[in-house]
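Observations on chain architecture
One letter stands for each residue in the lines below.
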Amino acid sequence: MSTDRLDIVRPDDWHLHLRDGEALASVIGHTARRFARAIVMPNLKPPVATVGQALAYRERILAAVPAGMTFEPLMTLYLTRQTTPEEIFAAKASGQVFAVKFYPQGATTNSAAGVSDLATVYPVLEAMEQADLPLLVHGEVTDPAVDVFDREKTFIDQHMVPLRARFPNLRVVFEHITTADAVQFVQAQDKHVAATITVHHLLLNRNALFDGGVRPHHYCAPVLKREQHRRALLAAATGGDARFFLGTDSAPHPREAKLADCGCAGIFTAHAAIELYAEAFEEAGRLDRLEGFASFHGADFYRLPRNTARMVLERRAWTVPDTVPLGSSVCVPMRAGSQVPWSIVDASAG
Ligand code: DOR
Ligand code: ZN
C-alpha cells in the first residue's frame, strides 16, 4: 500500500521515559502532541517504588503538560527488593498504576535499585498475578561474561522461560525487544505475553553505532542488533499480531551525558515518534497496519478503552533540529539534522 496521507486513531506510547523536574517540562510536549497516553517508566532517582510516589509523580507530569494538550500518564512501579505484596494490591486499587517494571540490577540507566534475581521476589509476583497487574520486563542478563549482544537471548532462556512456567497467569510485557529470538519467544506464548518494539530498533541495526566513527546517540539498552534481527522486529510489528505494540523507550539524556567517557544509554525519539514509525511501516509496505500497532494492540492488552480522537499524517518531509531543549542543557534527538518523510497534519488533542 502506498499513500501520502494516513488517518489513524490517536496512538499511545506503551513505554516512555519522561524524567522529572525541568527535563520533564522540556520533553512532555513532544509526547503529548502525538500520544493520548503513555506508560511512564519509574526509573527516576530515587525510583518510583511506592503508590504514593507514583501518584505524586503523576501530578507533576500533569502539571507539566502544555496548555491546550490532553495527555494521560499511566503510572508504573519500580520493582525493588523492598516491594511488598501489599503495595501491589494498593497499586491496583489506586486505579492509576497499570504495571510494575522489572529492571535487572545494573542492566541500564538508574537500575541500581533493581532486583538481581526474580526468584527473590516471587511473593510479589504472586500478588501481581492475583491482582492482574502486568510485569514489564527489561529482558537482559547483566552477567559480564555474557556478550552484550547475546544478553536478551540469554535472558529468555534463563529467566523468561522459568517465569512463564511458575506464573502462567501473570501478564508480562517483554519490553523493547531487539532480537528474532524474542519475537519467536513471544509468538510461542499465549495471550498473557506481549512485547513493545521501539522505532529505533525498527529503523537501525548495529552498524548505526559505528557509521564512520562511534555514534553515541545511537547507543541504547538493549543495544542495537544485527540486520537480521531488525528485519524480524519489522516483520513482527507489521504482521498484524496483537501481541506486538508501540513503545518508544524514548529516553532523553543531556548531550554531555551521552558524550562522556562512559556515555548513557538512551535514544530520544519523542520529537518524531509516530512519524518515524510510519517510515518503518512504509518500508515494510504495511502502512495499513500502523494503526493496529500504534493505537489498538496496546490498549487491548492493558484492557483500556481505545482512543477515539484521530490523528492525520501526511508525506511531507521536515528536518529534525540538531538539538532539542532539555532543562538547562540540550538533547540530540534521533535523526538530528536530517529529514523525516512524514509530518503530523492534525494532532487533535481531543
Ligand atoms: O536506552 C535505554 N535508556 N534503555 C533503558 O532501558 C533505559 C533508558 C533510560 O532510562 O535512559
Ligand atoms: Zn525504557
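As annotated in an unreviewed UniProt entry, the chain is Dihydroorotase from Dyella thiooxydans. In UniProt, the chain has this text filed under Pathway (unreviewed entry): "Pyrimidine metabolism; UMP biosynthesis via de novo pathway; (S)-dihydroorotate from bicarbonate: step 3/3." Its UniProt record gives the chain the following Subunit (unreviewed entry) comment, quoted word for word: "Homodimer."

**Here's the deal with the coordination of the zinc ion (ligand 2)**
Each protein donor to the zinc ion (ligand 2) is listed here as His15 (NE2), His17 (NE2) and Asp249 (OD); together their distances run 2.0 to 2.1 Å. Read from N- to C-terminus, the donor residues coordinating the zinc ion (ligand 2) fall into the pattern H-x1-H-x231-D. Taken together, the residues His17 in the loop between strand E2 (13–16) and helix H1 (21–34) and Asp249 in the loop between strand E9 (244–246) and helix H9 (255–258) connect sequence positions 232 residues apart. In terms of burial, His17 and Asp249 fall into one category: buried.

**Quick look at the UniProt feature "modified residue: N6-carboxylysine" (unreviewed entry) in the chain**
Summarizing the sequence annotation, UniProt attributes the feature "modified residue: N6-carboxylysine" (unreviewed entry) to Lys101 in the numbering used throughout. One can find Lys101 in strand E5 (residues 97–102). In this structure, Lys101 is in contact with His15, Met41, Pro42, Leu77, Tyr78, Leu79, Leu136, Val137, His138 and Glu175, ignoring residues within four places of it in sequence.

**Focus: the site of ligand 1**
What surrounds ligand 1 is a group of 14 residues, the closest being Arg19, Asn43, Ala221, His253 and Ala265. Side-chain polar atom of His138 to an oxygen atom of ligand 1: 3.3 Å apart, as the coordinates give it. Between ligand 1 and Ala221 there is a distance of 2.8 Å, counted from a nitrogen atom to a backbone nitrogen or oxygen. Its free accessible area being 290 Å², ligand 1 has 100% of it covered by the protein chains. Spatially, ligand 1 is embedded in the largest cavity. Its residues assigned to classes, the shell around ligand 1 shows four nonpolar, eight polar and two charged.

Rules of the game
Residues numbered from 1 in each chain as written. Chains lettered and ligands numbered in written order. Predicted model: local features only at pLDDT ≥ 70, side-chain atom pairs only at ≥ 80, totals over all residues. Heavy atoms only, no water. UniProt positions renumbered as here; feature names shortened; annotations may be inferred. Donors = N, O, S within 2.8 Å, 3.2 Å for Na, K, Ca; no water. Helix = DSSP H or I, 4+ residues; strand = E, 2+ residues; numbered from the N terminus. Buried < 20%, exposed > 50% of the residue type's maximum accessible area, 1.4 Å probe, protein only. Contact = heavy atoms within 4.5 Å. Near = heavy atom within 4 Å. Polar contact = N/O pair within 3.5 Å; in protein donor to acceptor, adjacent residues only side chain to side chain. Areas by Shrake-Rupley, 256 points an atom, 1.4 Å probe, with all protein chains shown as cover. 1 Å grid on protein atoms, 1.4 Å probe; cavity = no way out; pocket = protein on both sides within 12 Å on 5 of 7 lines; lining within 4 Å. Sits in = over half its atoms within 2 Å of the grid points. Nonpolar A, V, L, I, M, F, W, Y, C, P; charged D, E, K, R; others polar.

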